[in-house]
Amino acid sequence: MSVLISTLGIQLTNTDILTTSQSKLLKLNEQLASEKRSNDLTDYTPSEALNLLNLNSTIKKREGFLGSINAIDTRLKVYDQSLTGLEEIAAEASSLTTTAPTYNSESNGSTAQQIQGFMKQVSFYLNQQVGDRYIFSGTRYETVPVKDITELPLMLTTTPTTTVVDPVLPDYDAEAPYLPPPPATEPDPVPTNSDADAYVQDNVSIDTTQKLQYGITSTQEPFQQLIMGLRFAYSATQDQTNYSELMTIARDLINQGLSGIRGVHSDLASSQTILDKVKTRHTQSISDVNSEITSIQSVDVNEVAVKINAVKTQLEASYSATAKMQSLSILNYL
């Protein structure tokens, strides 16, 4: 009986060694494959686990800001392309008003067509859409901001040349009603409709305490000036008597608009520079934090390999002992 008890005790010991060694071998193989001590926080000290949680939280926050920055990259590119196009239109229109200061019956038709072409191009650029959002419409994301400028009333020498301000909508805005041309002796009536949303410029949080205003709206003064200038220029082609006066007003407005659009473009470039710097900062921070996480989790793969060999040796010995005990018979004890 004592022999049976002794043999059973050895078997239980070997079984415990086998179970422990197999578990340890599985853990070591996981460490060898991942080069990490563990993916389970319970395998770290309380201070290490808390540190890992905080570091991973920092990464997620940085990645969130990067996601917001990346989301507006396409909009910024379209803004850039649109402003470049608008600058070219303004420059060409300014040149046209300079080279055609007086009425010329032979070229007037061609001049009028060119100006109407400029108007349509301005509408095209200010009605740019990225995804489901009209990017020049303020926060009226689903609203086409600019109507067909060629269909607006003619401008008269008595028409005011001042721009409107928030929240009044310029008469070329899609939500502004068409106004009939005023009598020649009366000034153009001021639109009574308004919508502050048309003036709201989009912004984005790019860091914990940093927001960036990047949006551009079709209601901004330089665009109002350019469109008014083009309308005066076209009106000049339809009014031989006041041609020179209207064309002079047009040229001044177009030049003001061109200067203002260049300023808007410069601000956009500054916004892009800021975004690039912040993006680099977040990317570097994530890299640094990942290095800290690695320093906590990493294992020496060579050391792990040595441990694996040691555990395998122990397992082989336990398997051998178990097999030997299973082959024992009463003859071994006689």
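For the structure itself, consult the block above.
All figures in this text were calculated on a predicted structure; none of them were measured in a lab.

J.: What should I look at first to understand the overall build of the protein chain in this one?
T.: Across its full length, the protein chain carries six helices and four strands. Along the protein chain, from the amino end to the carboxyl end, the secondary structure elements read α-α-α-β-β-β-β-α-α-α. By the burial criterion, 40% of the 334 residues in the protein chain qualify as buried. Within the protein chain, contacts between residues at least 6 apart in sequence are counted, and of these 78% link residues at least 24 apart. Total accessible area computed for the protein chain in this model is approximately 18200 Å², and 52% of it derives from carbon and sulfur atoms.

J.: What is the right way to look at the packing of aromatic side chains in this model?
T.: The way to describe two aromatic rings as a pair is by their centre distance and the angle between their planes. In the structure shown here, the tally under the stated rule is four aromatic pairs. For the ring pair Phe124 and Tyr125, a centre distance of 5.3 Å and an interplane angle of 65° mean the geometry is edge-to-face. Through pairs of rings, three or more aromatic residues link up here, namely Tyr79, Phe136 and Phe223. Above the ring of Tyr141, the side-chain terminus of Arg133 is found at 3.8 Å from the ring centroid.

J.: Would you mind going over helix H3 (residues 108-126) with me for this structure?
T.: For H3, with 19 residues, the first-to-last C-alpha span of 27 Å sits near the 27 Å given by 1.5 Å per residue. For H3, the set of buried residues is Asn108, Thr111, Ala112, Ile115, Phe118, Met119, Val122, Ser123, Tyr125 and Leu126. In the core, the buried residues of H3 are packed alongside helix H2 (46-99), helix H4 (221-237) and helix H5 (243-297).

J.: Honestly, unusual backbone geometry in this entry has me stumped. Any pointers?
T.: Generally, phi is negative for residues other than glycine and the peptide bonds are trans, each holding for most cases. Cis rather than trans, the peptide bond between Asp166 and Pro167 has omega equal to 10°. Within the fold, Pro167 resides in the loop between strand S2 (133-134) and strand S3 (203-207).

J.: In this structure, what is going on with the pattern of salt bridges? I would like to understand it.
T.: Between side chains of opposite charge, pairing is possible as soon as their charged atoms come close. If you walk through the whole model with that rule in mind, you get eight salt bridges. A salt bridge links Lys120 to Asp148; its shortest N-O distance comes to 3.8 Å. Taken as a pair, Lys120 in helix H3 and Asp148 in the loop between S2 and S3 lie far apart in primary sequence, 28 residues in all.

J.: Explanation requested: the nonpolar core in the structure shown.
T.: Across soluble globular proteins, you tend to see nonpolar side chains buried next to one another. Ranked by internal contacts, the top residues of the largest apolar core, which has 54 residues, are Leu86, Val122 and Phe223. Those elements that provide at least two residues to this core are H2, H3, S3, H4 and H5. Of all the elements, H5 adds the most residues to this core, at 13 residues. Ranked by size, the runner-up nonpolar core spans nine residues in total, among them Tyr44, Leu52, Leu55 and Ile286.

J.: Which parts of the structure should I look at to understand the pairing of S3?
T.: Residues in a regular strand project their side chains so that they alternate between the two faces of the sheet. The sheet contact formed by S3 and strand S4 (residues 210-213) spans four bridges and is antiparallel. Following the sheet pairing, Ser205 is matched in S4 by Lys211. What sits between S3 and S4 in their antiparallel hairpin is a turn of two residues.

J.: Explanation requested: the side chain of Ser123 in the structure shown.
T.: Looking at the element boundaries, Ser123 is found in helix H3. Within the local environment of Ser123, its side chain forms a polar contact with the backbone oxygen of Lys147, the two atoms lying 3.3 Å apart. Discounting chain neighbours no more than four positions away, the residues touching Ser123 are Val146, Lys147 and Ile149.

J.: Could you clarify how one ought to interpret the packing of H2 against H4 in this entry?
T.: To characterise two packed helices, one gives the angle between the axes of the helices and the distance between these axes. The interhelical angle for the contact between H2 and H4, taken along N-to-C directions, is 35°, at an axis separation of 11 Å. Seen along the crossing, H2 lies across H4 with a hand that is left-handed. For the pair formed by H2 and H4, the contact residues are Leu83, Leu86, Ala90, Ala93 and Thr97 on the first element and Phe223, Leu226, Leu230 and Ala233 on the second. Looking at side-chain class alone, the contact of H2 with H4 contains eight nonpolar, one polar and no charged residues.

J.: Even after reading the chapter, I still don't get the side chain of Gln220, so can you show me in this structure?
T.: With respect to the helices, strands and loops of the structure, Gln220 is situated in the loop between S4 and H4. Take Gln220: its relative accessible area is 17%, and that puts it in the buried class. Within the local environment of Gln220, its side chain forms a polar contact with the backbone nitrogen of Thr217, the two atoms lying 2.8 Å apart. Excluding its chain neighbours within four sequence positions, the residues that come into contact with Gln220 are Gln201, Gly215 and Val264.

J.: How should the environment of Leu76 be read in this particular structure?
T.: Within the secondary structure layout, Leu76 lies in helix H2. Counting along the chain gives 195 residues from Leu76 to Ser271, while the straight-line C-alpha distance between them is 8.9 Å. Apart from the residues lying within four places of it in its own chain, the contact partners of Leu76 are Tyr214, Leu268, Gln272 and Leu275.

J.: Help me understand the environment of Lys211 in this model?
T.: Following the sequence through the fold, Lys211 ends up in strand S4. Once you skip the residues sitting within four places of it in the chain, Lys211 turns out to touch Asn203, Val204 and Ser205.

How each quantity is defined
- Residues numbered from 1 in each chain as written.
- Predicted model: local features only at pLDDT ≥ 70, side-chain atom pairs only at ≥ 80, totals over all residues.
- Heavy atoms only, no water.
- Helix = DSSP H or I, 4+ residues; strand = E, 2+ residues; numbered from the N terminus.
- Buried < 20%, exposed > 50% of the residue type's maximum accessible area, 1.4 Å probe, protein only.
- Contact = heavy atoms within 4.5 Å.
- Areas by Shrake-Rupley, 256 points an atom, 1.4 Å probe, with all protein chains shown as cover.
- Phe/Tyr/Trp six-rings, centres within 6.5 Å; stacked < 30°, edge-to-face > 60°.
- Lys NZ or Arg CZ within 6 Å of the ring centre and 35° of its normal.
- Expected span 1.5 Å × (residues − 1).
- Salt bridge = Lys/Arg side-chain N within 4 Å of Asp/Glu carboxyl O.
- Core = buried A, V, L, I, M, F, W, Y, C linked by side-chain atoms within 4.5 Å.
- Pairing = 2+ DSSP bridges.
- Polar contact = N/O pair within 3.5 Å; in protein donor to acceptor, adjacent residues only side chain to side chain.
- Axes fitted to C-alpha atoms, helices over the stretch in contact; angles between N-to-C directions.
- Left-handed = near helix turned anticlockwise from the far one by under 90°.
- Nonpolar A, V, L, I, M, F, W, Y, C, P; charged D, E, K, R; others polar.

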